[in-house]
Amino acid sequence: MKAVILAGGFGTRISEESGVRPKPMVEIGGKPILWHIMKIYSNHGINDFVICCGYKGHMIKEYFANYFLHNSDFTMDLQNNKMEIHKQNAEPWKITMVDTGENVMTGGRIKRVAEHIKDETFCLTYGDGVSDVDITAAINFHKSQKALTTLTAVQQPGRFGAFTLAKDNAKITHFREKPKGDGVDNAWINGGFFVVEPKALDFIDGDDSIWERTPLEEMANRGKLSAFKHSGFWQPMDTLRDKNVLEEMWNAGNAPWKKW
């Protein structure tokens, strides 16, 4: 199974960092948060990634192009242009990096990598948040739901897409992106970490399509959007404060998302 990661946004709410690098490349414990996200998936046996690049995407490409050398011990014979590898600690990852444009919306980015997804169920997440969500359990849950998309439902007031979820029902009947005020009663929010069927891409019109709006709203209206409830750790990195919180957890050896 592939994991598609949305890594092309401008990251304006963390401009202190994103002014010089794409937000997925902001470091936690000396590694880009994108690396942490990929390690979460890799811990569940998913090592095939499609990264949707955009803003300063060349920095993501250069990081992984040099990843093997940065994590290896080697002898370089410059005169004969030969290199001998002594020890390497590179991850067993296959990474497809696609330039999905700077001004393309989230739905448009997903649509642009359709040829790399083909007809396979795939995972999907954002390039700026970590969690201790059980990816394997989420995939198995998705298969049992017969939905086109399953998202990870977390509870946190305020800024994110909220929806109504009955106590014993996994089907979402109402989805609203970033509601004002306190949101809806018994609100859960979209925590990302999706499991998606290829047919869900039919709900994406083009580059201007925002995944969290029309596509998810329409799937919810048709009973094709399910929620995998996650009551554990979940933390997006929207602001410099969020970044500092994650950094403090990592440095203290108390990073809940680190299961590897």
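Further up the page is the structure itself.
Residues numbered from 1 in each chain as written. Predicted model: local features only at pLDDT ≥ 70, side-chain atom pairs only at ≥ 80, totals over all residues. Heavy atoms only, no water.

A. Focus on helix 3 (residues 57-65). Within helix 3, burial applies to Gly57, Ile60, Tyr63 and Phe64. Down the axis of helix 3, the smallest arc covering the buried residues is 120°, so these residues share one side. Tucked into the core, helix 3 has its buried residues touching strand 1 (2-7), strand 3 (31-32), helix 2 (33-42), strand 4 (48-53), helix 4 (67-70) and strand 7 (94-99). (Buried < 20%, exposed > 50% of the residue type's maximum accessible area, 1.4 Å probe, protein only. Helix = DSSP H or I, 4+ residues; strand = E, 2+ residues; numbered from the N terminus. Arc of directions from axis to C-beta. Contact = heavy atoms within 4.5 Å.)

B. Molecular detail of the packing of aromatic side chains. Under the defined criterion, the tally for this structure stands at 14 aromatic pairs. Ring geometry for phenylalanine 10 versus tyrosine 55: centroids 5.2 Å apart, planes at 45°, classification tilted. Here the residue phenylalanine 10 occupies a position in the loop between strand 1 and helix 1 (15-18), and tyrosine 55 occupies one in the loop between strand 4 and helix 3, the gap between them amounting to 45 residues. Judged by its relative accessible area of 14%, tyrosine 55 is buried. Between phenylalanine 49 and tryptophan 93, the aromatic rings sit 5.7 Å apart at their centres with planes inclined by 75°, giving edge-to-face as the arrangement. Pair noted here: phenylalanine 49 is in strand 4 and tryptophan 93 is in the loop between strand 6 (82-88) and strand 7, with a separation of 44 residues, a long-range link. An aromatic cluster is defined as three or more aromatic residues linked by ring pairs; in this entry it consists of Trp35, Phe233, Trp250, Trp257 and Trp260. Positioned over the ring face of tryptophan 35 is lysine 31, at 5.3 Å from the centre of the ring. (Phe/Tyr/Trp six-rings, centres within 6.5 Å; stacked < 30°, edge-to-face > 60°. Lys NZ or Arg CZ within 6 Å of the ring centre and 35° of its normal.)

C. Summary view of the pattern of salt bridges. Tallied over the entire structure, the rule returns 9 salt bridges. Here lysine 2 and glutamate 120 are joined by a salt bridge, their closest N and O atoms 3.7 Å apart. With lysine 2 in strand 1 and glutamate 120 in the loop between helix 6 (114-117) and strand 8 (122-126), the pair connects residues that are 118 residues apart, well separated along the chain. We classify glutamate 120 as partly exposed; its relative accessible area is 38%. Across the salt bridge formed by glutamate 218 and arginine 222, the nearest N and O atoms sit 3.9 Å from each other. Because the salt bridges share partners, they merge into one network encompassing Lys2, Asp48 and Glu120. (Salt bridge = Lys/Arg side-chain N within 4 Å of Asp/Glu carboxyl O.)

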